Amino acid sequence: MLGMFSQGSQVSDVQVADYSMRMALFKACPWAEYLTRAGWTSDGKYVYAMVLDRLQQRQAVMLIPPSSFYDYEGKGSCSPHMQCIYEETTDLWINGVLPSQVWVDERRGLVFFMAMKDSPLESH
């Protein structure tokens, strides 16, 4: 479910609408058991969702456009397009809930993280 908020000229003019997905996330990833993280991309154009299997050996990051959601009256786009932008499979255990935004690509030997320019130990 996605919540959309809009505000008019007055603070009391707040509108809240709930939206649901046309195609279930777990239908796109039938092996997934857990939703470990979700949010908006930094540009605000997409919703992302991280899913993990029960054995914690497979995870994926799905990119979901807002057009994949509809409101309770059925209004909204009919475009249930989701895209897998990252998938990891391993014989070892994947820690799907990390204390910070750290991404490890074991196949390519890369670690991705966000930090400040002056020190990788800082983040604000």
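By the naming in an unreviewed UniProt entry, the chain is Dipeptidyl peptidase 9, taken from Elysia marginata.

**Comments concerning the nonpolar core**
Soluble globular proteins tend to pack their nonpolar side chains together in the buried interior. Listed in full, the 12 residues of the largest apolar core are Leu 25, Cys 29, Trp 31, Ala 32, Val 47, Ala 49, Val 51, Ala 60, Met 62, Ile 64, Phe 69 and Met 82. Elements supplying a minimum of two residues to this core: strand E4 (47-53) and strand E5 (58-64). Each residue touching Ile 64, except ones within four places of it in the same chain, is listed here: Met 21, Leu 25, Tyr 46, Val 47, Ala 49, Phe 69, His 81 and Met 82.

**Let's talk about the pattern of salt bridges**
All chains considered together, the criterion is met by one salt bridge. In this structure, the salt-bridge partner of Arg 58 is Glu 87, at a minimum N-O distance of 2.6 Å. Here Glu 87 lies in strand E7 (residues 83-89) and Arg 58 lies in strand E5, a separation of 29 residues in the sequence. Under the relative-accessibility criterion, Arg 58 is labelled partly exposed at 28%.

**Regarding the pairing of strand E3 (residues 32-40)**
On any regular strand, side chains alternate: one points to one face of the sheet, the next to the other face. In this sheet, E4 lies alongside E3 in antiparallel orientation, the contact comprising seven bridges. Residue pairing for E4: Arg 37 is matched across the bridge by Met 50. Where E3 folds back on E4, the antiparallel hairpin that results is connected by six residues, among which Gly 44 adopts a positive phi of roughly 75°.

**Here we look at the sheet that holds E4**
Overall, antiparallel pairing links the four strands, which are arranged E3-E4-E5-E7 in an open sheet. Each of the sheet's edge strands pairs with one partner strand only, and the pair in question is E3 and E7. Sheet twist, expressed as the average angle between the axes of neighbouring strands with direction ignored, equals 15°.

**Quick notes on the pairing of E5**
The buried fraction of E5 is high, at six of seven residues. Examined bridge by bridge, E4 and E5 share six bridges and lie antiparallel to one another. Bridge pairing in E5 places Val 51 opposite Ala 60. Connecting the antiparallel pair E4 and E5 is a turn made up of four residues, with Gln 56 showing a positive phi of about 60°. The pairing of E5 with E7 spans six bridges and is antiparallel. Residue pairing across strands places Leu 63 opposite Gln 83, the latter belonging to E7.

What counts, and at which threshold
Residues numbered from 1 in each chain as written. Predicted model: local features only at pLDDT ≥ 70, side-chain atom pairs only at ≥ 80, totals over all residues. Heavy atoms only, no water. Core = buried A, V, L, I, M, F, W, Y, C linked by side-chain atoms within 4.5 Å. Buried < 20%, exposed > 50% of the residue type's maximum accessible area, 1.4 Å probe, protein only. Helix = DSSP H or I, 4+ residues; strand = E, 2+ residues; numbered from the N terminus. Contact = heavy atoms within 4.5 Å. Salt bridge = Lys/Arg side-chain N within 4 Å of Asp/Glu carboxyl O. Pairing = 2+ DSSP bridges. Axes fitted to C-alpha atoms, helices over the stretch in contact; angles between N-to-C directions.

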